[in-house]
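Structure assessment
Take a look at the letters that make up each chain.
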Amino acid sequence: SRIKTFNAQAMANTVWAFAKLDHGNNDLFEAVSEEAINKIEKFVAQNLANTAWAFATVGHENIDLFEAISEEAINKIETFNAQDLSNTVWAYASVGLENYDFFEAVSETAISKIQTFDAHKLCNTVWAFAKVGHKSDDLFEAV
């Protein structure tokens, strides 16, 4: 498959485009899942967020991919901006996944960057925490 030749940004942009057009091509999303897991350390924050968002948007829940994304996101959490944090937790909540360590890392980082969140990002973030039942009193107080 040509996906093997794609770098992290190309994979993230491709699945984002398919999801934006509501085109959940199963074969494509499966191929990207496999390749993204193999190259996950090459993904920057925006690639991780866009990939998670795309998979959630089309309802393609690949647990192995979401686990890989959360592990890599924790390692790079300080590089996430408000949009990346909001989109990623929204994606996890939308597919009904809660990775405790990931949500804790998002909570701490969101608190430190709370002034950069607009209303939409704040709403999506607290919605995601509520949807998966992840209680973060400090985050909710900061909001």
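Please refer to the structure higher up on the page.
Our subject in this report is the structure included herewith. Remember, it's a predicted structure, so these values are computed and weren't measured experimentally.

This part covers helix α2 (residues 26–38). Along its 13 residues, α2 runs 19 Å from first to last C-alpha, staying within 8% of the 18 Å computed at 1.5 Å per residue. Residues of α2 that are buried include every one of L28, F29, V32, S33, E35 and A36, and no others. Tucked into the core, α2 has its buried residues touching α1 (8–20), α3 (45–57) and α4 (63–75). The N-cap residue of α2 is N25: its side-chain oxygen and the backbone nitrogen of D27 are 3.1 Å apart.

Looking now at the environment of H23. Structurally, the position occupied by H23 is in the loop between α1 and α2. Residue H23 is classed as partly exposed on the basis of its relative accessible area of 44%. Separated by 42 residues in the primary sequence, H23 and L65 place their C-alpha atoms 19 Å from one another. Beyond its immediate chain neighbours, meaning those up to four positions away, H23 contacts F18, F29 and V58.

As a further point, take the packing of aromatic side chains. Across all of its chains, the model carries 6 aromatic pairs by this definition. When the centroid spacing of 4.9 Å and the interplanar angle of 40 degrees are considered together, the rings of Y92 and F102 count as tilted. Taken as a pair, Y92 in helix α5 (residues 82–94) and F102 in helix α6 (residues 100–112) lie far apart in primary sequence, 10 residues in all. Judged by its relative accessible area of 1%, Y92 falls in the buried class. Owing to a relative accessible area of 1%, F102 belongs among the buried residues under this scheme. Look at F103 and F129: their rings are 4.9 Å apart centre to centre, the planes differ by 75 degrees, and that puts the pair in the edge-to-face class. Of the two residues, F103 is situated in helix α6 and F129 in helix α7 (residues 119–132); the sequence distance between them amounts to 26 residues. Residue F103 shares its accessibility class with F129, and that shared class is buried. Connected via pairs of aromatic rings, a cluster forms that spans F66, Y92, F102, F103 and F129.

Take α5 next. Under the 1.5 Å per step criterion, the end-to-end length of α5 is 18 Å for 13 residues, consistent within 8% with the ideal 18 Å. Across the 13 residues that make up α5, a large majority, 10, are buried. Here the buried face of α5 lies against α3, α4, α6 and α7. One side-chain oxygen of the residue at the start of α5 lies 3.0 Å from the amide nitrogen of Q83, identifying that residue as N81. Trailing α5 by a residue or two, G96 shows a phi angle of about 80 degrees, which is positive.

As a further point, take the side chain of N62. Within the secondary structure, N62 is located in the loop between α3 and α4. Engagement of the side chain of N62 in a polar contact is seen with the side chain of S33, the distance being 3.4 Å. Residue contacts for N62: discarding those within four places in its chain leaves E30, S33 and I37.

Criteria and cut-off values
Residues numbered from 1 in each chain as written. Predicted model: local features only at pLDDT ≥ 70, side-chain atom pairs only at ≥ 80, totals over all residues. Heavy atoms only, no water. Helix = DSSP H or I, 4+ residues; strand = E, 2+ residues; numbered from the N terminus. Expected span 1.5 Å × (residues − 1). Buried < 20%, exposed > 50% of the residue type's maximum accessible area, 1.4 Å probe, protein only. Contact = heavy atoms within 4.5 Å. Polar contact = N/O pair within 3.5 Å; in protein donor to acceptor, adjacent residues only side chain to side chain. Phe/Tyr/Trp six-rings, centres within 6.5 Å; stacked < 30°, edge-to-face > 60°.

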